[in-house]
Structures are given as C-alpha cells and as structure tokens.
Amino acid sequence: MSKRNQGRWRDKLEGSQVHEVVIVGAGAAGLGCAVALQEFGVDDVIILDRHEIGASFRRWPQEMRFITPSFTSNAFGLLDLNAIVPATSPAYTLDREHPSGAAYAKYLDNVAHHYELQVKPGIDVSSVTVEENGTFTLTTSDRPVRARHLIWAAGEFQYPNRNSIPGAEFCRHSSDVNTWQELEGDRFTVIGGYESAADATISLVQLEKDVTVLARYATWKREDPDPSISLSPFSRERLEWANSTGSVTLLDSVDITSVREDGESWVVQASDGREWMSETQPILATGFKGSLDHLDGMIEYDEDGDPIVTEEADESTLVPGLFLSGPIVQHRGVNFCFIYKFRQRFAVVADSIAQRLGIDTTEAVEARRAAGMYLDDLSCCVESCAC
C-alpha cells in the first residue's frame, strides 16, 4: 500500500465510529444474534455480509429442502424448529413444512425488516485485527469498521471444502450446483455419505439417473438419533425411496484417496486399491471448511481441528470479545450445526455482551428461557431416546 493510501486508510480509521457490536454474516445465526441483542437492550449493532441477507440459502440447489420440519406449533409452546426468533415461524410465513433455501431467505428478509436490523450488504470482510485497547478493526471492501465486540456468524455453505482429497479439482462440489437438472449424463458418482450426499443422490434419482454413492460410513444404517451423526429421518426416508428404485448403489467403508481423469472419464480410487470409473464428473459431497481462516491466530483449535470456545458464552479462548455463532459451534463433542441447536446460544452470547455493558438482563433471560431459546446447561446436550 502506498504512503498516500496508508494515510487515507488511517484517516478513515481514526474518524470511524466504534460500534458496540459488529456481526459478520446476515444468515440465520447473524440475524438471530442481532434480534437477541436487541431484546437484551444492546442497540448499537450492525451486520455485515459480503452478499445479501440469507446468501447461503439463496445459493442452495433449487431442489434442496430443509431436513428439519417447520410447523406452526407456537401456540402450544413449541417453537418452529427452523425459527431464529421467538414468536416467528417459517411454516406460517412460507406455508411450507420443508422450505427451499430461497423460501427460507424470504423468512430471514421478514425478520430483518420487522426488527429493523442494520444490515449492510455487499461488504466483504478481508481481515480482522485487535487494537491494544481490545477494539476490533475489520478491513472491508468499503472502509474499516470498528467495534468493541465481534460476533462471527459467516456460516459454512459459501466456504466448501474443495481440497478434501488429491484430485478434488476434477470433481464438482455439491454446493456449486444451481439445479441438478443442469447436469448432463445418466450415471453419476457421489463421494460422501452425509446430508449433502444424500440430497444429491435423491435429486439425481428423481431425474431418473443412476447413482453410485461412495461413503466412509454407512450413515443410512446408523441408529444414532442425532442427525449430526447419522442421516436425518427426512433424508433417510427419501434415500430409502431412491434405493427402492434400483437406481442407487450404496457403498460404505470406502476411504477415497484420489480422483483422476482418464480420457473422457474419471477414476475414483480408494485406499484399499478399489477403483470406480465414472462417466460423469464425480460429485464431491464432503462438506465445508468454514470461514475461520479470516480469524487467523484468534481462535484456538482442538486436536480434531475444531474451534474451541468458552462454554459460558461461545467466546474465543484467545481474544476476549470475539464470539462464534452458527454451525461452527460445538461443545463437549456435540455439534450445534442445525438451526434448532445453535439458536439456543444466541441469547447466551447476547447476555454476556449486555452484562459487560452494565445492562440488567434478568427479564430478557427469563423470556428467552420461557421461549426455549436459552441453553446454558451444556450437560444435557446429548441426544437420547427411550424408544
């Protein structure tokens, strides 16, 4: 950067407002945290997103649907599983039990409009630094943004894991598909065994394609009630239908080590030497790496590479005032990757920030507890069913 540009940058920085809270990400987690903060009396909150509200959901394949059902059960004290705010329901707003990504984005639009949230779209955050006094400075595509507290809620879908295996560049990641109708060919190979792989397989079979699924684990056979570990009932049911057509080959205990091109075909190889020839570009459904690279040196990770945060407030163990929200949150080996899970922590984060600002949060906490959206006892975070 030239000295002239450095001077301009410094002038902008020194003259910029220091917000109480900046949230990165205008998806379910970002908007949910913003409303919680509002309810806890924190008014100076802005939300930055490099695209628009609900950007990740808008980029889902057209055929993809929520695997968690929405239902208008608020009157009986049961919050819609896909709601991010008490007294709201995507089922009521959208008239859908399993909404598409585009439909759910409309629900998020309604939330942002109703609560008059300060969303700044088209702002790309490239880096984050911390000043000596603890203030965060975000370098953005517009201008520096400063805040006393930072909530990172950038999500995962827009950050796919494209380098999970050697030769991954020869594959097409499932998140890059706008609609499964655009793929040419009759036979497809899907690498992966979780929700993205199941959704890709089901969508292709609905188009009367043949699909071979290569998975490390037989998630479709697992009995664990936690959909973070096994397939959700919605996916399992649809996959059973797809399998019943005779168009699906489900292979588990397959550890894929590489993919290579072979003329006009692709060869998928496993660690035990087995190979599968694919006449179409393999579909890579191996998940997402997330956006935490933007917070280099600010987050501590465990031996599995997962971020470590405080149980009290989902706060960085290295940098005070930095909070994580969304599917990246996990505690005691439990993944909070579904909306009905990670929304339980919005008010916990808001409570922590509000108390630091000297706000009495007693009533707000009680209201959130009554709504079933304040989970601070993590000892109960284990899925178990008697029958």
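Residues numbered from 1 in each chain as written. Predicted model: local features only at pLDDT ≥ 70, side-chain atom pairs only at ≥ 80, totals over all residues. Heavy atoms only, no water.

Draft legend 1. Molecular detail of the pattern of salt bridges. Scanning the model with the defined rule gives 17 salt bridges in all. Note that Arg 162 and Asp 176 form a salt bridge whose closest N and O atoms lie 2.5 Å from each other. Of the two residues, Arg 162 is situated in the loop between strand S6 (145-152) and strand S7 (172-173) and Asp 176 in the loop between S7 and strand S8 (187-191); the sequence distance between them amounts to 14 residues. By relative accessible area, which is 37% here, Arg 162 ends up partly exposed. (Salt bridge = Lys/Arg side-chain N within 4 Å of Asp/Glu carboxyl O. Helix = DSSP H or I, 4+ residues; strand = E, 2+ residues; numbered from the N terminus. Buried < 20%, exposed > 50% of the residue type's maximum accessible area, 1.4 Å probe, protein only.)

Draft legend 2. Spatial organisation of unusual backbone geometry. The backbone of Glu 116 sits at a positive phi, close to 50°, despite the residue not being glycine. Checked against the element boundaries, Glu 116 lands in the loop between helix H5 (101-114) and strand S3 (119-120). A residue is classified by how much of its surface remains accessible, and Glu 116, at 62% relative accessible area, is exposed.

Draft legend 3. Just helix H7 (residues 233-244), in detail. With 12 residues, H7 should cover 16 Å at 1.5 Å per step; its first-to-last C-alpha distance of 16 Å lies within 8% of that length. On its buried face, H7 sits against helix H6 (195-206) and strand S10 (248-251). Where H7 terminates, the next one or two residues include Gly 246, which has phi positive at roughly 80°. (Expected span 1.5 Å × (residues − 1). Contact = heavy atoms within 4.5 Å.)

Draft legend 4. Up close: the sheet that holds strand S9 (residues 210-214). Ordered by their spatial adjacency, 5 strands build an open sheet running S7-S14-S8-S9-S10, and the pairing between neighbours is parallel. At either margin of the open sheet sits one strand with a lone partner, and together these are S7 and S10. Across 2 bridges, the pairing between S8 and strand S14 (residues 283-284) is parallel. Residue pairing in the sheet places Ile 191 in a bridge with Leu 284 of S14. Docked against the sheet, H6 engages S8, S9, S10 and S14, running at close to 170° with respect to S8. (Pairing = 2+ DSSP bridges. Axes fitted to C-alpha atoms, helices over the stretch in contact; angles between N-to-C directions.)

Draft legend 5. A look at the packing of aromatic side chains. All chains considered together, the criterion is met by 9 aromatic pairs. Ring plane angle 40° and centroid distance 5.1 Å describe the contact between Trp 60 and Phe 66, whose orientation is recorded as tilted. Accessibility classification places Trp 60 together with Phe 66 in one group, the buried group. Aromatic ring contacts, followed pair by pair, group Phe 57, Trp 60, Phe 66, Tyr 104 and Tyr 107 into a single cluster. (Phe/Tyr/Trp six-rings, centres within 6.5 Å; stacked < 30°, edge-to-face > 60°.)

Draft legend 6. Region of interest: the sheet that holds strand S13 (residues 275-278). If you walk across this open sheet you meet the 3 strands as S11-S12-S13, and the pairing is antiparallel. In the strand order of this sheet, the two ends are held by strand S11 (256-262) and S13, each with one partner. Put simply, the sheet's adjacent strands are angled 20° from each other on average, direction ignored. Looking at chain direction, S11 and strand S12 (residues 265-270) are connected through 6 bridges and run antiparallel. Bridging across to S12, Ser 258 finds its partner in Gln 269.

Draft legend 7. Spatial organisation of the packing of H6 against H7. H7 packs onto H6 with a crossing angle of 40° between their chain directions and a minimal axis gap of 9 Å. Our classification of the angle between H6 and H7 gives oblique. Between H6 and H7 lies a crossing whose hand is left-handed. Of H7, the residues touching H6 (which contributes Glu 195, Ala 198, Asp 199, Thr 201, Ile 202, Val 205 and Gln 206) are Ser 235, Arg 238, Leu 239, Trp 241 and Ala 242. (Parallel < 35°, antiparallel > 145°, perpendicular 65-115°, else oblique. Left-handed = near helix turned anticlockwise from the far one by under 90°.)

Draft legend 8. Main features of H5. When the terminal C-alpha atoms of H5 are compared, their 20 Å separation across 14 residues agrees well with the 20 Å that a helix rising 1.5 Å per residue should span. Those residues of H5 that fall on the buried side of the exposure criterion are Gly 101, Ala 103, Tyr 104, Ala 105, Tyr 107, Leu 108, Val 111 and Ala 112. Here the buried face of H5 lies against helix H2 (28-39), helix H3 (55-58), helix H4 (90-94), S3 and helix H8 (339-342). Just downstream of H5 lies Glu 116, where phi reads positive at about 50°.

Draft legend 9. Local environment of the nonpolar core. Ranked by size, the top nonpolar core spans 81 residues in total, and within it Ile 23, Leu 31, Ile 84, Leu 138, Leu 150, Trp 152 and Leu 295 carry the most contacts. Of all hydrophobic cores here, the second largest spans 22 residues; its members include Phe 188, Ala 197, Ala 218 and Trp 220. (Core = buried A, V, L, I, M, F, W, Y, C linked by side-chain atoms within 4.5 Å.)

Draft legend 10. Up close: the environment of Thr 280. Relative to the helices and strands, Thr 280 resides in the loop between S13 and S14. Thr 280 sits in the buried class, given a relative accessible area of 7%. The spacing of Thr 280 and Ser 265 is 15 residues in sequence and 6.5 Å in space, taken between C-alpha atoms. Thr 280 has contacts with Glu 184, Gly 185, Arg 187, Phe 188, Thr 189 and Trp 266, leaving out every residue within four places of it along the chain. A polar atom in the side chain of Thr 280 sits 2.6 Å from the backbone oxygen of Arg 187. (Polar contact = N/O pair within 3.5 Å; in protein donor to acceptor, adjacent residues only side chain to side chain.)

Draft legend 11. Representation of the pairing of S8 within the structure. Across the 5 residues of S8, 4 count as buried, placing the element largely inside the fold. Bridge count for S8 against S9 is 5 bridges, and the pairing is parallel. Paired with Ile 191 across the strands is Leu 214, a residue of S9. Once the chain exits S8 it traverses H6 before rejoining the sheet at S9, and the crossover so formed is right-handed. (Right-handed = clockwise from strand over helix to strand, strands pointing away.)

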